[in-house]
Amino acid sequence: MTKYLIRRLIQAIPVVIGITIVTYAVMLSAPGGPVERFANNPKITLAQKEAFKKSWGLDQPIPIQYGRWVGLLNPDGQGLGQFLGPTGWPNILPTGISGATNGVLHGDLGFSLDSGESVARRIGNAALPTLILAGTALLLWISAAIVLGVLAAVKRYSFFDQAATVFSYIGFAMPTFWLGIMLILIFGVSLKWLPISGMVNARLSPAFGTDNYWVYFGQNPIPAILDIAQHLVMPVITLVVVNIAGDSRFVRASMLEALSQDYVRTARAKGLPGRTVTFRHALRNALLPVVTNIGLEIPFLFSGALVTESIFSWPGIGRLTIESIRVFDYTILMGVFLISSLLVVLANLLADVLYAVVDPRIKY
Amino acid sequence: MTQPLQPPTGPGALHDDLGAAPAPSASDYEVSLQSLSQWELAWRKFRQHKLALIGLGIMTVLILAAIVGPIFLPYAFDDIPRVDQNVYGGRPPFCAVYDNAKHVCTAFGLVHPMGETGGLQRDVLTLVLNGARVSLFLGFTSMAIGVIIGTIVGAIAGYIGGFIDNLLMRIVDVLLSLPLLFVILVVARFFQNSKDNVWAIIMIFGLFGWMGVSRLVRSLFLSIREREFVEAARAVGVRDRRIIFRHILPNALSPIVVVASLIIGGNIIGEAFISFLGFGVNPAVPTWGNILSNALTFILVGNWWWPLFPGVAIILTVLAVNFVGDGLRDAFDPRSRA
Amino acid sequence: MTEVISADAPRGAPPERDILLDVRNLKTYFKVLDGVVPAVDGVSFSLRRGQTLGIVGESGSGKSVTAMTIMRLLDIPPAQIDPASEVWFDGREILGLPMDQMRRIRGNEMAMIFQEPLTSLNPVFTVGDQIAEQVALHKKVGKKAAWDRAIESLTLVGIPNPERRVKQYPHEMSGGMRQRVMIAMALSCEPKLLIADEPTTALDVTIQAQILELLKTIQQRTDSALVLITHDLGVVAEMVDNVIVMYTGEVVEQGTVEEVLVEPRAPYTMGLLESIPSVEKRGGRLSAIKGVVPSPFNLPPACRFEPRCPYHWERCRTVPPELYLSGPSGRRARCHLHTPEGAGRWPAALEAHRRALATGRELPVHDATPGDA
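Figured I'd write up the structure that's included with this text. (Residues numbered from 1 in each chain as written. Chains lettered and ligands numbered in written order. Predicted model: local features only at pLDDT ≥ 70, side-chain atom pairs only at ≥ 80, totals over all residues. Heavy atoms only, no water.)

1. Quick look at the overall build of chain A
- A tally of helices and strands in chain A yields 15 helices and zero strands.
- When its C-alpha atoms are laid out on the principal axes, chain A stretches across 80 × 55 × 40 Å.
- Classification of the 364 residues of chain A by burial places 51% in the buried group.
- Sequence separation of at least 24 residues holds for 66% of the intrachain contacts in chain A that already meet a minimum separation of 6.
- When the accessible surface of chain A is totalled, it reaches about 16600 Å², and 67% of it is carbon and sulfur. (Helix = DSSP H or I, 4+ residues; strand = E, 2+ residues; numbered from the N terminus. Buried < 20%, exposed > 50% of the residue type's maximum accessible area, 1.4 Å probe, protein only. Contact = heavy atoms within 4.5 Å. Areas by Shrake-Rupley, 256 points an atom, 1.4 Å probe, with all protein chains shown as cover.)

2. Quick word on the overall build of chain B
- Helix and strand counts for chain B come out as 11 helices and two strands.
- For chain B, the succession of helices and strands along the chain, N to C, is α-α-β-β-α-α-α-α-α-α-α-α-α.
- When contacts within chain B are restricted to residue pairs at least 6 apart in sequence, long-range pairs at least 24 apart make up 71% of them.
- Put simply, chain B shows about 15300 Å² of open surface, and 68% of that area lies on carbon and sulfur atoms.

3. So, the interface of chain B and chain A
- Counting from both sides, the interface comprises 38 residues of chain B and, opposite them, 41 residues of chain A.
- Where chain B meets chain A, there are zero salt bridges.
- Our count for the chain B to chain A interface comes out at three residue pairs in polar contact (both at pLDDT 80 or more).
- For the side of chain B that touches chain A, the secondary-structure elements that each account for two or more residues are α4 (162-177), α5 (180-190), α9 (240-277), α10 (288-297) and α11 (305-332) of chain B.
- Among the elements that make up the side of chain B that touches chain A, the one with the highest residue count is α11 of chain B (11 residues).
- Of the residues belonging to the side of chain B that touches chain A, the class tally is 30 nonpolar, five polar and three charged. (Salt bridge = Lys/Arg side-chain N within 4 Å of Asp/Glu carboxyl O. Polar contact = N/O pair within 3.5 Å; in protein donor to acceptor, adjacent residues only side chain to side chain. Nonpolar A, V, L, I, M, F, W, Y, C, P; charged D, E, K, R; others polar.)

4. Regarding the packing of aromatic side chains
- Enumeration over the complete set of coordinates arrives at 15 aromatic pairs over all chains.
- Seen in terms of ring centroids, Tyr-213 of chain A and Phe-217 of chain A are 6.1 Å apart; in terms of plane orientation they differ by 40°. Their pairing is tilted. Within this pair, Tyr-213 of chain A and its partner Phe-217 of chain A are both found in helix α9 (residues 211-219), separated by four residues, close to a single helical turn.
- On the basis of an interplanar angle of 65° and a centroid distance of 5.5 Å, the ring pair of Trp-214 of chain A and Phe-217 of chain A is categorised as edge-to-face. With Trp-214 of chain A and Phe-217 of chain A both in helix α9, this residue pair falls three residues apart, about one helical turn.
- Members of the aromatic cluster, each reached through a chain of ring pairs, are Phe-208, Tyr-213, Trp-214, Tyr-216 and Phe-217 of chain A.
- Sitting over the ring of Phe-125 of chain C, Arg-280 of chain A keeps its end group 4.2 Å from the ring centre. (Phe/Tyr/Trp six-rings, centres within 6.5 Å; stacked < 30°, edge-to-face > 60°. Lys NZ or Arg CZ within 6 Å of the ring centre and 35° of its normal.)

5. Considerations on the interface of chain C and chain A
- Counting residues at the interface gives 28 residues for chain C and 19 residues for chain A.
- With both chains or domains summed, chain C and chain A bury close to 2200 Å², and 57% of this area falls on carbon and sulfur atoms.
- Applying the counting criterion to the chain C and chain A interface returns three salt bridges.
- The shortest N-O distance in the salt bridge between Arg-268 of chain A and Asp-75 of chain C comes to 3.8 Å.
- Taken together, the links from chain C to chain A amount to 13 residue pairs in polar contact (both at pLDDT 80 or more).
- At the level of elements, α1 (63-71), α3 (117-120), α4 (127-139) and α7 (175-187) of chain C are the ones that each hand at least two residues to the side of chain C that touches chain A.
- The element that contributes the greatest number of residues to the side of chain C that touches chain A is α4 of chain C, accounting for six residues. (Buried area = accessible area lost by both parts, 1.4 Å probe.)

6. Section: unusual backbone geometry
Residue and element names in this part refer to chain C.
- The backbone of Arg-72 sits at a positive phi, close to 55°, despite the residue not being glycine.
- Note that Arg-72 resides in the loop between α1 and β4 (79-81).
- Exposure remark for Arg-72: the relative accessible area of 16% places this residue in the buried category.

7. What to know about the nonpolar core
- One finds Phe-177 of chain A together with Leu-185, Phe-221 and Trp-288 of chain B to be the most contacted residues of the largest nonpolar core, which totals 131 residues.
- In terms of residue count, α9 of chain B provides more of this core than any other element does, 17 residues in total.
- With residues up to four places along the chain from it excluded, the contact list for Trp-288 of chain B reads Val-128, Gly-131, Ala-132, Ser-135, Leu-136, Ile-268, Pro-310, Ala-313, Ile-314 and Thr-317 of chain B.
- Ranked by size, the runner-up nonpolar core spans 101 residues in total, among them Ala-67, Leu-194, Met-246 and Val-260 of chain C. (Core = buried A, V, L, I, M, F, W, Y, C linked by side-chain atoms within 4.5 Å.)

8. Examining a nonpolar patch on the surface
Residue and element names in this part refer to chain B.
- Residues Ile-148, Ile-152, Ile-156, Ile-160, Phe-163, Ile-164, Leu-167 and Ile-171 make up a contiguous nonpolar surface patch of about 750 Å² in total accessible area.
- Listing elements by their share of the nonpolar patch, those giving two or more residues are α3 (124-160) and α4.
- Secondary-structure assignment places Ile-160 in helix α3. (Patch = residues over 30% accessible without salt bridge, like charges linked within 9 Å, V, L, I, M, F, W, Y side chains within 5 Å.)

9. Details of the sheet that holds strand β7 (residues 110-113) of chain C
Residues and elements named next belong to chain C.
- Here eight strands make up an open sheet; going across it, the order is β7-β8-β9-β3-β10-β11-β13-β12 and the pairing mixed. Taken across any chain shown, the strands that pair with only one partner, and hence form the sheet edges, are β7 and β12 (324-325).
- The pairing of strand β8 (residues 193-197) with strand β9 (residues 225-230) spans five bridges and is parallel. Bridging from a neighbouring strand, Leu-194 pairs with Leu-226 of β9. (Pairing = 2+ DSSP bridges.)

10. Regarding the pattern of salt bridges
- According to the stated counting rule, one finds 30 salt bridges over all chains in the structure shown.
- Glu-133 of chain C is paired through a salt bridge with Lys-270 of chain A; the nearest N and O atoms lie 3.1 Å apart. Of this pair, Glu-133 of chain C sits in helix α4 while Lys-270 of chain A sits in the loop between α11 (262-269) and α12 (274-297), placing the two residues on different chains. Summarising the burial analysis for this pair, Glu-133 of chain C and Lys-270 of chain A share the class buried.
- Between Glu-253 of chain C and Arg-331 of chain C there is a salt bridge, with the nearest N and O atoms lying 2.4 Å from each other. Taken as a pair, Glu-253 of chain C in strand β11 (residues 250-256) and Arg-331 of chain C in the loop between β12 and β13 (332-333) lie far apart in primary sequence, 78 residues in all. An identical accessibility class is assigned to Glu-253 of chain C and Arg-331 of chain C; each is buried.

Structure representation (structure tokens):
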């Protein structure tokens, strides 16, 4: 298992390198180049401008720029000495050994071209709201998809099954953002049951994530949580409905496959009650491919978040991304891009590992 | 999810019920006869697939309406707003007179079957039909570009193999592990300010939509190139290009068609999404996404008919192409050949 | 002892005590899109306690469906059992039993071994889990006792090192070993009746013999009755007391194994015997039964074997044959050769069969059916 993991991680290296190259290409493709972007921005300090130019080597040939951005090259070095960090160890090694602090490898994602804040900080602040939204949605939609899919398979061709089929066809064809709009119209504008945007009620509490907010949260935890929960309902429904459609079909197909297997007949021949046969013998097998599928779907939460967060003004990574695209804030985009690509690679790996954990037949 | 990669039945799948098929010329002999019967059979089975026929029907109606509709409608999508009444609030479907203060329709009539928008007072039906022109054109064209690129890349990788195959497939790996929606948004943003950027958007969806096709085509080529009739062709000295286009490709076509039909739906939703965010087709050009985007600015007024109908149009279109895709898959699946 | 057919108890009345399984006029249909398939069409037989019975037939003859009907494992619909059919097991009619009562019989008093040991065990549970689950369910014992019983069963079927094997997953075992596990599972609750459906078909030849030997010793040791379903007459010869031969859902011949194999009465059985390769026939032509099994939607009007039968005459096309008494001690065959009308033809048929067995038969000259092998 460990050996397999190591091999997979090594195999992922070329893909990750490819991702960094594409990410850097995004940066270079900025109209007028990044320098133009922040040259006249009053929010960026002079020191920041100098540090940025130097550490990213914007006056240097492109390979050197890239090397500095990744953290392979030391911006203070000359010639081959660029490969060495301040302590004399290769610059690429962790900060503790090489003393280097520049580049993605050392956690330096730069600062926002728009606001001058650290990119890592902006992304970090947006991560919690996204985790709350995506986590809630993921949990709900997976459990709902499993329940729906299993019921549809067990009662195959019943009214329920056919209704589920129609529902999933429509769910497949429905644009996420349109569902969001209609929900806002119905529950927000017409019925006025739910807040239509944001994460917290601005009249009651400070903006989410600020220091003041956490003070408020500590004083009134229950109203604060209820407030977030209220704001969470519609974005979560939007994400859940669209994603249930595909996943419940997947579970259904997997369950039907399991129910038709010989071991299910054996289980019945043993005299086990129907419920045990379905939920112990068949379901356990049916969930094997589902587990892998969930692992592969985690990255798609990101695109789901893009859509949902922008409709409901949810202060997460998705909205941060859209806003950054709008103002060409390339450093933020590169950070988001890099992190979400790495997430895809990791999720693929996780899916494989999960599969080995749940299926005794698979040994790496 | 995974659709079977089974290529259609090999040569010799002749059916005596075909009647008078034209005799092939000697040089065409290897494939043309067989592929003819294969498509005939597929159509026969497709016709029995109810949902697929419904999908095809919806598609036809939509395309016809998109082409013909705007010619006959009394409004244009860029009419100058009239200032007779309801300058702000818009009118629900079939409403002749709308009381804006009380939010009730005081007189119904045969006007605006999908309602009238707030603000610029556009007829929603006119918008939806004009939007259909752009959205459908965009969906189909970008699919075609993606499928052509994917087929070429996949065919090269699968037929040549070796280092080239490895390189191409690693590139596909990298592209597929990018958050594509994100990349598309960023690239689309570059073209946002150009006035007529429909072709730019089409190219973006085409250029980022070929990876799945190339993987499929590659696997098809890998399996088909080992089949006897290809080896036979190679043994008698048929040139590579001819083998690819005359022997392998016709046998790989049906799974490609199925995947292509699914890409159309994805691209239409994708376009609507990036236009909705404001990074897509120029807002002055009516597309379903642009209409929805504008509707959002009036959402607090409660113009439910404004976002409803373009959304329904998207759902119907995607449903229709997916149904057709399902029908094609069943029609081409040799295992369901009853 | 040799009597196979039902003891002719009146309908709805239990058979005599000694008879463990009494199947009476069993009819199972499948409703499919194109119509109704009579998979089992009026099968009757009975089995005494501790006795063994072979059911022989080609695939599609209804032998497996018969077993599945008795176990009530078929999904209804698409399957449908004729309401007039009766299956008496250990003094109870079980086709009409409520499902929860039937479940108490299944796996407990009546157990089944399937053809595919590779797929019949659940891949995600250890074999111990799967056996213990059954024991715990039926014998109402604790986890520990059930687990001990699982080890005991594995020992009984000759699995070496059972304490270790019991914790293994099916994929860690060979095919033969898995079939032993299936047998151990079937035996774990000491059933009165064991139904083995082609238990060796999926195994290597050398393993086949071992598994059959095991089934036989276990059957004798535990004194349970055994129904062995197979297409292989050779297997039947070594394993069972009585045989019924099935064709298109009907019984075409029944008798003791010696009688049926040495002196078959139905032309279909004769054909099956002639198609077994043997040293004596070397050099001669190996005969196969000509033609193919008819489609269940398009059965011949009278005798269903008539189009493939070398001895047929007009009567076979007009009068459906019954299961006629064709010898002493209850031998029966579904063939007009055993009626007064056909008696004259019987000696010649028997002679032809013997010659074919000795030399190999030239394919009989008949109106050849298309698709002739």
